[in-house]
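# Working through the structure, step by step
This is what each chain is made of:
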Amino acid sequence: MLNFPFITTKKSFVMMGEQTKLNLFSAAMSNERTPLITSGVCGLNVTAAVCGTDTDPAQESSSGTANQSPRKLNTFFGVMVPTVLSMFSIVLFLRTGFVVGHAGLLQALLMVVVAYTIISLTILSICAISTNGAIQGGGAYYMISRSLGPEFGGSIGLMFFLAKIFACGGYVLGLVEAILDVFGLDPESSVSTGVRVLPQGYWYTVLYSSVILLLCLLVCLVGAHIYSRTAFVILLVVTVSLLSVFISSVAVKPQEFIITHHGSRNQTLRYNASYTGFSATTLKNNLGPGYSLDYSTNSVMSFATVFAVMFTSCTGIMAGANMSGELKNPSVAIPKGTIIAVSYTFIVYVLLFFMISATCDRTLLIQDYGFLQRINLWPPFVTIGIYCASLSAAMCAMIGASRILHALALDHLFGLPLAPAAITSASGNPWVAVLFTWGLTQCVVFAGELNAIAGLVTVFYLLAYAAVDLACLALEWASAPNFRPTFQLFSWHTCLLGIVSCLAMMFIINPVYSSGSIVLLLLLLLFLHYRSPTSSWGYISQALIFHQVRKYLLMLDVRKDHVKFWRPQVLLMVANPRSSSQLILFVNQLKKGGLYVLGHVQLGDLDTLPSDPVQQQYNFWMSLVDKLGVKAFVDLTLSPTVRQGTQHLLRITGLGGMKPNMLILGFYDSCTPEDFLLQDSAFCDTAVERGGEDEFNFGVDLPSLQAHFPPVRDAESPRWLAPEEYVGIISDAIKMNKSVCLGRYFFQLEGEDKDSKVDGSERIIDVWPLNLLQPGCRDYEDVCSLFLLQMACVLNMSSKWRHAKMRIFLNVGTASSDQGWMVNEETFRELLRKLRIRASIKIVPWDSVVQHHTPTAEPAQAPSESFLSAVNRMLMEHSSQATVRFLYLPQPPSHRSQSQAFLAQLEAVTNGLGPTLLIHGVTPVTYTDL
């Protein structure tokens with residue numbers, strides 16, 4: 001059967017009509033003004049407008065939001081203010097004494113240096129990515145997803161969203177702690193005195209936290225602009241409170257304090273603490289570590305646990321980046337504002353650590369989180385600063401988390417569960433995402449203690465920071481020409497160091513939380529990979545693969561090839577997949593990890609066409625490859641004749657050491673081909689299309705794919721390929737030192753599709769290594785015969801043929817008294833042993849066949865019809881039960897006039913056999929040594 005559709009006929013192209021040509025011409029002209037950013041992917045060089053696709057509703061929503069909520073914030077108000085407030089938060093006033101008291105000044109400074117080194121490396125990556133292009137809403141998520149692609153972007157984005165949720169809960173719990181320090185009932189008295197009227201306990205803490213969260217919710221529902229307007233005032237208040245702390249360290253005289261805590265069994269524990277003012281003795285006593293019991297969690301502290309609490313002050317470096325949707329110029333504002341804000345907070349923390357180390361004894365630092373109020377000129381200064389810093393950090397975290405969730409919903413990465421989060425108000429505020437964020441944060445506050453969740457917050461943030469560094473590292477290593485950040489103070493060394501330091505610190509802080517977060521990240525990656533979301537953002541994996549493959553292709557030196565590492569590299573010429581899908585699937589099993597290319601020739605002349613019609617077809621062929629589940633490349637060409645087009649593909653297909661060494665063609669006979677695309681469920685089931693996944697198919701849905709490939713040739717239709725041209729293609733390939741295979745009757749082969757569970761246990765592979773058309777040739781060890789054996793072994797090693805039985809047939813003459821064939825059999829068995837080929841040998845006497853052969857003086861004389869019929873009967877008798885047969889393909893004739901006779905011989909020999917592969921090998925492919 002001629003499954004030889006590796007051409008698109010000139011007639012079919014002409015039938016497109018003049019209107020179609022005008023459309024192609026218009027498309028070509030429109031491409032001259034194609035915008036830099038396209039809204040869809042329909043072809044290799046066709047925009048969504050040209051393809052006629054609808055605009056993505058998510059993009060409409062996003063653009064509408066952008067129009068309704070114009071960017072208003074500058075560097076100072078949009079980046080510096082929220083970053084400083086987020087980094088001060090509760091640690092500045094409530095945990096600096098905790099850090100210095102347990103760790104000592106030296107280890108506390110080490111923690112600050114380590115923490116700020118980690119975030120500084122990450123800031124360099126943030127600055128590089130943010131200055132490499134336009135940034136939309138979503139902040140860190142937007143930068144990671146557009147750099148690493150949907151799988152990494154979606155999973156890291158969700159992890160960063162969770163980090164923001166836990167951080168928001170931590171800020172709220174810290175605020176409640178500060179409120180109870182001032183207004184909470186005295187643990188020694190059951191009667192309220194003065195301002196200490198609030199009852200204390202776990203459930204009261206949850207209640208107060210819920211009330212504060214409700215306040216944050218109301219502010220965030222109104223919109224981020226309220227927070228941005230009040231943030232500067234809050235920063236002024238915090239700055240005044242901070243100045244009062246430094247002034248008080250000089251102005252306040254030394255004091256003694258008695259601190260009480262609830263102990264076990266309702267015991268009240270009392271501690272004598274003192275504020276000494278600036279004292280060298282106090283500084284000396286506070287230099288070394290003194291890890292002890294934490295009164296809030298009743299657990300002994302260590303470097304890791306204290307660092308986890310301290311690092312929560314460093315989790316605000318992306319507060320400005322998360323406001324990217326509201327910034328006037330995010331590419332300028334994010335780097336500049338973040339660096340200034342981080343430098344400012346670093347100086348403040350170092351000075352504050354020195355100040356409290358020199359003025360407060362260790363007992364005061366460890367046993368009272370709010371000691372700064374005790375030693376202040378006017379304690380309400382610190383109280384107001386704590387309340388403002390904590391409340392602003394909580395609102396900033398809630399706003400940032402809701403913006404990340406909104407961006408995730410707009411990108412449709414997680415489907416229906418997050419779909420409502422894409423809803424916005426008339427002013428563009430994502431109020432549903434805010435409600436989602438509030439609900440999850442409400443669950444976090446059930447932890448009851450800030451120190452209890454500090455480790456988890458830190459681990460999540462460190463993982464997010466490592467992802468940002470990874471994104472920048474991947475862009476740098478990919479050497480993409482479009483990665484041209486205006487911020488240059490980074491390198492792949494800083495990115496790699498940032499990744500290593502983040503991961504190492506994660507496991508130092510809490511190995512359990514770190515392992516769990518990484519497992520969660522991998523599960524999200526697998527989920528998104530399984531959903532296979534396709535986007536127009538670009539995939540960093542593709543850039544990295546290209547970069548590495550280019551290097552390896554240069555290293556793949558054809559001069560170093562060795563026969564023992566030979567593998568088939570196939571060019572399968574396909575004209576119409578409707579009639580050739582079974583052969584395509586079979587060759588996929590035959591390639592054995594080698595190169596597999598589907599070639600197609602479209603008849604035409606580029607001089608007479610407005611544009612290249614081949615370029616528009618690649619997406620259809622790639623979709624075909626996806627549907628069939630074969631691991632193949634596609635190479636198309638335009639040529640006046642099929643023979644010339646095949647020569648082009650044989651010469652130019654592949655690159656370097658990966659070039660085809662074998663040409664496979666469908667058989668040339670008179671059979672009418674069948675349409676297998678109508679029978680395969682993968683091409684008929686439209687359930688996926690009805691499910692709304694058509695946005696992820698690169699503009700090629702099933703109806704379009706079905707319509708693209710023309711109907712199969714019927715019995716009345718003329719052939720577009722003459723016998724002389726077909727045989728000429730075989731001759732050309734052999735001249736170019738390419739082996740040739742002709743496949744016949746593969747439409748009868750079943751079980752090759754990707755959903756088949758066939759393991760080959762009931763299959764049989766038959767090999768006839770002798771040239772059956774030349775009985776005088778008895779060389780079983782020539783190049784072509786060994787090539788047959790090798791290809792049969794290759795098939796026997798594939799997944800669907802692994803357990804198939806292989807049989808090798810030796811044709812012998814037994815009429816004469818010469819018993820030399822027995823010696824030949826033993827020699828052949830020894831050859832199989834050396835080649836490690838497991839097969840049963842069948843001896844086939846063929847005296848009755850040879851007697852029909854009449855030797856002639858001219859080698860080119862065609863065999864008689866009776867001889868060809870006898871050979872066919874012999875094959876039918878011994879190989880009728882085989883699943884596939886491998887036969888020796890003779891050398892094609894050199895004269896065009898003999899082409900018809902040559903094809904007739906092949907047709908007569910293989911008539912009615914079933915799936916058969918005729919092979920002519922031209923290169924040695926077997927090796928007996930180690």
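Not measured: the values here are computed from a predicted model.

Moving on, we get to the overall build of the chain. Secondary structure summary: the chain contains 34 helices and 15 strands in total. Intrachain contacts of the chain at a sequence separation of at least 6 include 82% that bridge at least 24 residues. For the chain, the computed accessible surface area is about 40,300 Å², with 60% contributed by carbon and sulfur atoms.

This brings us to helix α34 (residues 899-910). Because an α-helix packs 3.6 residues into every turn, residues spaced three or four apart end up facing the same way. With twelve residues, α34 extends 17 Å between its outermost C-alpha atoms, agreeing within 8% with the 16 Å of an ideal straight helix rising 1.5 Å per residue. Every buried residue of α34 is accounted for by S899, F902, L903, Q905, L906, V909 and T910. One side of α34 carries all its buried residues, which in axial view fall inside an arc of 155°. Looking at the buried positions of α34, the neighbouring elements they touch are α29 (723-735), β10 (739-744), α33 (865-879), β14 (884-888) and β15 (916-920). G912, located one to two residues past α34, shows a positive phi value of around 75°.

Looking now at the packing of helix α13 (residues 303-311) against helix α19 (residues 450-478). Contact pair α13 / α19: the axes reach a minimum separation of 8 Å and the direction vectors enclose 70°. By the angle class used here, α13 and α19 are roughly perpendicular. Between α13 and α19 lies a crossing whose hand is left-handed. Contacts between α13 and α19 involve A308, V309 and F311 on the former and, on the latter, N451, A454, G455, T458, L462 and Y465. Looking at the contact of α13 with α19 residue by residue, the class counts come to six nonpolar, three polar and no charged.

Going through the model one piece at a time under the given rule, you end up with nine salt bridges. In this structure, the salt-bridge partner of E907 is R744, at a minimum N-O distance of 3.9 Å. Taken together, the residues E907 in helix α34 and R744 in strand β10 connect sequence positions 163 residues apart. Here R833 and E830 are joined by a salt bridge, their closest N and O atoms 2.3 Å apart. Taken together, the residues R833 and E830, both in helix α31 (residues 820-834) and three residues apart, mark about one turn of the helix. Each of D669, R744 and E907 takes part in a single network of salt bridges with overlapping partners.

Judged by nonpolar contacts, the single largest core of 163 residues is most densely connected at L92, I119, I317 and F353. The greatest single-element share of this core, amounting to 21 residues, is contributed by α19. Sequence-distant contacts of L92, defined by excluding residues within four places in its chain, comprise V238, L242, V348, Y349, L352 and L372. Grouped together as the second largest cluster of nonpolar side chains are 108 residues, Y596, L598, F667 and M874 included.

Okay, a nonpolar patch on the surface next. A surface patch of nonpolar side chains, amounting to about 570 Å² of accessible area, comprises L214, L218, L221, I423, W431, L435 and F436. For the nonpolar patch, the secondary structure elements donating two or more residues are α10 (202-222) and α18 (431-444). Within the secondary structure, I423 is located in the loop between α17 (380-410) and α18. Given the relative accessible area of 41%, I423 is considered partly exposed.

When you line up the elements, T282 lands in helix α12 (residues 280-285). The contacts of T282, once residues within four sequence positions are left out, are T276, S357, A358, T359, C360 and D361.

Two numbers describe a pair of aromatic rings. These are the distance of the centres and the angle of the planes. As enumerated under the stated definition, the model contains 29 aromatic pairs in all. Considering the side-chain rings of Y202 and W203, the 5.0 Å spacing of their centres and the 75° angle between planes classify their relative orientation as edge-to-face. For W203, a relative accessible area of 60% gives the class exposed. The interplanar angle of 40° and the centroid separation of 4.6 Å between the aromatic rings of F586 and F746 together place this pair among those described as tilted. Linking F586 in helix α23 (residues 577-590) with F746 in the loop between β10 and β11 (764-768), this pair joins segments that are 160 residues apart in sequence.

On to the pairing of β15, then. Across the five residues that make up β15, a large majority, five, are buried. A two-sided burial pattern is seen for β15, the buried positions comprising T916, L918 and H920 on one face and L917 and I919 on the other. In the sheet, β10 pairs with β15 via five bridges, with the strands oriented antiparallel. Bridged to C741 within β15 is I919. When β14 meets β15, the two strands line up parallel, connected through four bridges. Paired with F886 across the strands is L917, a residue of β15.

With that settled, consider the packing of α17 against α18. The contact between α17 and α18 brings their axes to 8 Å, and the two run at 120°. In terms of axis orientation, α17 runs oblique to α18. You can see that α17 and α18 cross each other, and the crossing is right-handed. Here M398, A401, S402, R403, L405 and H406 of α17 come into contact with α18, specifically with A433, V434, F436, T437 and W438. Residues that form the contact of α17 with α18 fall into these classes: seven nonpolar, three polar and one charged.

The next thing to look at is unusual backbone geometry. Positive phi, close to 60°, is recorded for H412, a residue that is not glycine. Tracing the backbone through its elements, the reader meets H412 in the loop between α17 and α18. For Y745, which is not glycine, the phi torsion reads 65° and is therefore positive. Mapped onto the fold, Y745 is located in the loop between β10 and β11.

Reading the values: rules and limits
- Residues numbered from 1 in each chain as written.
- Predicted model: local features only at pLDDT ≥ 70, side-chain atom pairs only at ≥ 80, totals over all residues.
- Heavy atoms only, no water.
- Helix = DSSP H or I, 4+ residues; strand = E, 2+ residues; numbered from the N terminus.
- Contact = heavy atoms within 4.5 Å.
- Areas by Shrake-Rupley, 256 points an atom, 1.4 Å probe, with all protein chains shown as cover.
- Expected span 1.5 Å × (residues − 1).
- Buried < 20%, exposed > 50% of the residue type's maximum accessible area, 1.4 Å probe, protein only.
- Arc of directions from axis to C-beta.
- Axes fitted to C-alpha atoms, helices over the stretch in contact; angles between N-to-C directions.
- Parallel < 35°, antiparallel > 145°, perpendicular 65-115°, else oblique.
- Left-handed = near helix turned anticlockwise from the far one by under 90°.
- Nonpolar A, V, L, I, M, F, W, Y, C, P; charged D, E, K, R; others polar.
- Salt bridge = Lys/Arg side-chain N within 4 Å of Asp/Glu carboxyl O.
- Core = buried A, V, L, I, M, F, W, Y, C linked by side-chain atoms within 4.5 Å.
- Patch = residues over 30% accessible without salt bridge, like charges linked within 9 Å, V, L, I, M, F, W, Y side chains within 5 Å.
- Phe/Tyr/Trp six-rings, centres within 6.5 Å; stacked < 30°, edge-to-face > 60°.
- Pairing = 2+ DSSP bridges.

Fair warning: the whole summary comes from geometry, so function is off the table for now.
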